[in-house]
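Chains, contacts and geometry: an overview
For reference, the chains in residue letters:
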Amino acid sequence: MKAVLINKDDNGYGATLTDVDESQLPEGDVTVKVDYSSINFKDGLAITGSSPVVRSFPMVPGIDLAGAVETSSHPDFKTGDMVVLNGWGVGETHWGGMAEKARLNGDWLVPLPNAFSAKQAMAIGTAGYTAMLCVLALEKNGVTPDQGEILVTGAAGGVGSVAISILNKLGYTVVASTGRPEQADYLKSLGASDTIDRNELSEKGRPLGKERWAGAVDCVGSHTLANICATMKYGGTVAACGLAQGFDLPATVMPFILRGVTLAGVDSVMCPKERRLEAWQRLATDLDLGHIETLMNEVSLEEAINIAPEILEGKVRGRTVVKVSN
Ligand code: NDP
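Owing to the predicted nature of the structure, the values given are computational and were not obtained by experimental measurement.

**Brief notes about the site of the ligand**
Taken together, 25 residues lie around the ligand, and Val 159, Thr 178, Gly 179, Arg 180 and Ser 268 are the ones closest in. Backbone polar atom of Gly 157 to an oxygen atom of the ligand: 3.4 Å apart, as the coordinates give it. Gly 158 is positioned with one of its backbone polar atoms (N or O) 2.9 Å from an oxygen atom of the ligand. The protein chains hide 88% of the 920 Å² of surface that the ligand would expose on its own.

Following this line, the structure appears as structure tokens:
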């Protein structure tokens, strides 16, 4: 089978497209013929080695995959079933989606919702399913469309693009924060009512500022997240899922103790199955299918290796699917 393989040895760290014998696939009770994978920020880190995401070598990257079950001894899946996988350490500690086949633990798999093709599911991918988890976190904490504007940071990236589309379809007023003003039309086409320059949020700010946001989806962390907390409306909620600016959080407790702001953490990797199923079901109803084409581009396995540095540089717009099998 064809696979992207990451190796780390005396020659250094590198990813290459290569032929691998299927007998090398890891342990698992379900084997999937992978139709599509995708490139997330974390796949960029894994392929380039910029951060120690990969824990054992050789490794097939790809934290996402969608395809058809080839063989299964798991009670929930049989040959031919279409499935989706996001996270669980796949592409980090267990061979992932950028290979024609994957062998997995059936407990990690989610049935592909009827609403989506394998390609559309990968256009959503971990980024889109994380965006849905963020929206669920806002809802759970009582953020409703009538309360005011929702800020989405890292807006032109994968999580941001999908979050804008979902929030818009649910009736929220969305403001998109981006470092790419040339993407304003794209962001508005997904449903943003306005855009702001991310530099307005990225520097050290005051403990509290003028109340503006009823809710926020933050992909960026660091000073940006601190400034968002400081400018939340009374009782607002920030769903924090990312670290594109940095993993630090130079904030004070003031927004939390004086304005009752909630900081809701969102993790997609180890998220329990029930919540994943809920997120994928909600994506099937709350994401505008027309937007999937707008926010997606497609690459081959070989091109996936080349595009990895670009996602880390913030140059990739929306979501990138990787065509794995013909
Ligand atoms: P993308 O690379 O697609 O998007 C990230 C976006 O962040 C960029 O497009 C850019 O948006 C913005 N950005 C990049 N660099 C900076 C910077 N220095 N300062 C401020 N903004 C910046 O990544 P994803 O959308 O896939 O992921 C977004 C974040 O969420 C990542 O940090 C990722 O690791 C994290 N993540 C976390 C998950 C979880 O389970 N918690 C799951 C999935 C992702 P623009 O050009 O519009 O400014």
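**Points about helix H3 (residues 158-169)**
Compared with an ideal rise of 1.5 Å per residue, which puts twelve residues at 16 Å, H3 spans 17 Å between its outermost C-alpha atoms and is within 8% of the ideal. For H3, a buried count of ten out of twelve residues is recorded, marking the element as mostly surrounded by other parts of the structure. Listed as buried for H3 are Gly 158, Val 159, Gly 160, Ser 161, Val 162, Ala 163, Ile 164, Ser 165, Ile 166 and Leu 167. Looking at the residues trailing H3, positive phi occurs at Gly 171, about 95 degrees.

**Some points on the packing of aromatic side chains**
Counted by the stated rule, this structure contains two aromatic pairs. Where Tyr 13 meets Phe 57, the ring centres are 5.8 Å apart and the plane angle is 85 degrees; that geometry is what we call edge-to-face. Note that Tyr 13 is positioned in strand E2 (residues 12-19) and Phe 57 in the loop between helix H1 (41-48) and strand E4 (64-72), a separation of 44 residues in sequence. Owing to a relative accessible area of 31%, Phe 57 belongs among the partly exposed residues under this scheme.

**Considering the pattern of salt bridges**
Enumeration according to the criterion identifies 14 salt bridges in this entry. Notably, a salt bridge pairs Arg 259 with Glu 211, separated by 3.5 Å at the nearest N-O pair. With Arg 259 in helix H6 (residues 254-259) and Glu 211 in the loop between strand E10 (192-197) and strand E11 (213-218), this residue pair connects regions lying 48 residues apart in the sequence. Look at Arg 259 and you get buried, because its relative accessible area is 12%. A salt bridge links Glu 278 to Arg 275; the shortest N-O distance between them is 3.2 Å.

**Some thoughts on the sheet that holds strand E8 (residues 149-153)**
Within a sheet, adjacent strands bond to each other through the backbone by hydrogen bonds, running parallel or antiparallel. Taken in spatial order, the six strands of this open sheet run E10-E9-E8-E11-E12-E13, and their pairing is parallel. Among the strands making up the open sheet, the edge pair consists of E10 and strand E13 (262-265). When strand polarity is set aside, the average angle formed by the axes of neighbouring strands in this sheet is 20 degrees. Pairing analysis gives five bridges linking E8 to strand E9 (residues 173-178), with the strands arranged parallel. The residue of E9 that forms the bridge with Thr 153 is Ser 177. Strand contacts of H3: E8, E9, E10 and E11, with the helix running at about 165 degrees to E8, the strand carrying the most contacts. Against the sheet, helix H5 (residues 222-230) makes contact with E8, E11, strand E12 (232-240) and E13, and its axis sits at roughly 150 degrees relative to E12, the strand it touches most.

**What about the packing of H1 against helix H9 (residues 301-312)?**
The angle between the axes and the distance between the axes are what describe a pair of packed helices. Where H1 meets H9, the closest approach of the two axes is 8 Å, and the angle between their N-to-C directions is 115 degrees. As H1 packs across H9, the resulting crossing turns out to be left-handed. Residues Phe 41, Gly 44, Leu 45, Ile 47 and Thr 48 of H1 form the contact with H9, whose participating residues are Ala 304, Ile 305, Ala 308, Pro 309, Ile 311 and Leu 312. Residues belonging to the contact of H1 with H9 are distributed by class as follows: nine nonpolar, two polar and no charged.

**Focus on the environment of Leu 289**
In this fold, Leu 289 is placed in helix H8 (residues 289-295). Residue classification places Leu 289 among the partly exposed positions, given a relative accessible area of 38%. With 124 residues separating them in the primary sequence, Leu 289 and Ser 165 have C-alpha atoms 9.5 Å apart. Discounting chain neighbours no more than four positions away, the residues touching Leu 289 are Ala 115, Phe 116 and Gln 120.

**Concerning unusual backbone geometry**
Following Phe 57, the chain continues into Pro 58 via a peptide bond in cis, with omega recorded as -10 degrees. Of note, Pro 58 is situated in the loop between H1 and E4. The phi dihedral of Trp 88 is positive, around 60 degrees, even though this residue is not glycine. Mapped onto the secondary structure, Trp 88 falls in the loop between strand E5 (82-86) and strand E6 (101-104). Overall, Trp 88 belongs to the buried group, its relative accessible area being 18%. Phi at Ser 222 takes a positive value of approximately 50 degrees, unusual for a residue other than glycine.

**Quick notes on the domain arrangement of the chain**
According to the domain assignment, the chain consists of domain 1 (2-112 + 292-323) and domain 2 (125-265). Distance from the C-alpha centre of domain 1 to the C-alpha centre of domain 2: 29 Å. Listed by partner, the interface residues are 14 residues for domain 1 and 15 residues for domain 2. Counting across the interface, domain 1 meets domain 2 through zero salt bridges. Summed over the shared surface of domain 1 and domain 2, the result is seven residue pairs in polar contact (both at pLDDT 80 or more).

Definitions and cut-offs
Residues numbered from 1 in each chain as written. Predicted model: local features only at pLDDT ≥ 70, side-chain atom pairs only at ≥ 80, totals over all residues. Heavy atoms only, no water. Near = heavy atom within 4 Å. Polar contact = N/O pair within 3.5 Å; in protein donor to acceptor, adjacent residues only side chain to side chain. Areas by Shrake-Rupley, 256 points an atom, 1.4 Å probe, with all protein chains shown as cover. Helix = DSSP H or I, 4+ residues; strand = E, 2+ residues; numbered from the N terminus. Expected span 1.5 Å × (residues − 1). Buried < 20%, exposed > 50% of the residue type's maximum accessible area, 1.4 Å probe, protein only. Phe/Tyr/Trp six-rings, centres within 6.5 Å; stacked < 30°, edge-to-face > 60°. Salt bridge = Lys/Arg side-chain N within 4 Å of Asp/Glu carboxyl O. Pairing = 2+ DSSP bridges. Axes fitted to C-alpha atoms, helices over the stretch in contact; angles between N-to-C directions. Contact = heavy atoms within 4.5 Å. Left-handed = near helix turned anticlockwise from the far one by under 90°. Nonpolar A, V, L, I, M, F, W, Y, C, P; charged D, E, K, R; others polar. Domains from an automatic or database assignment.

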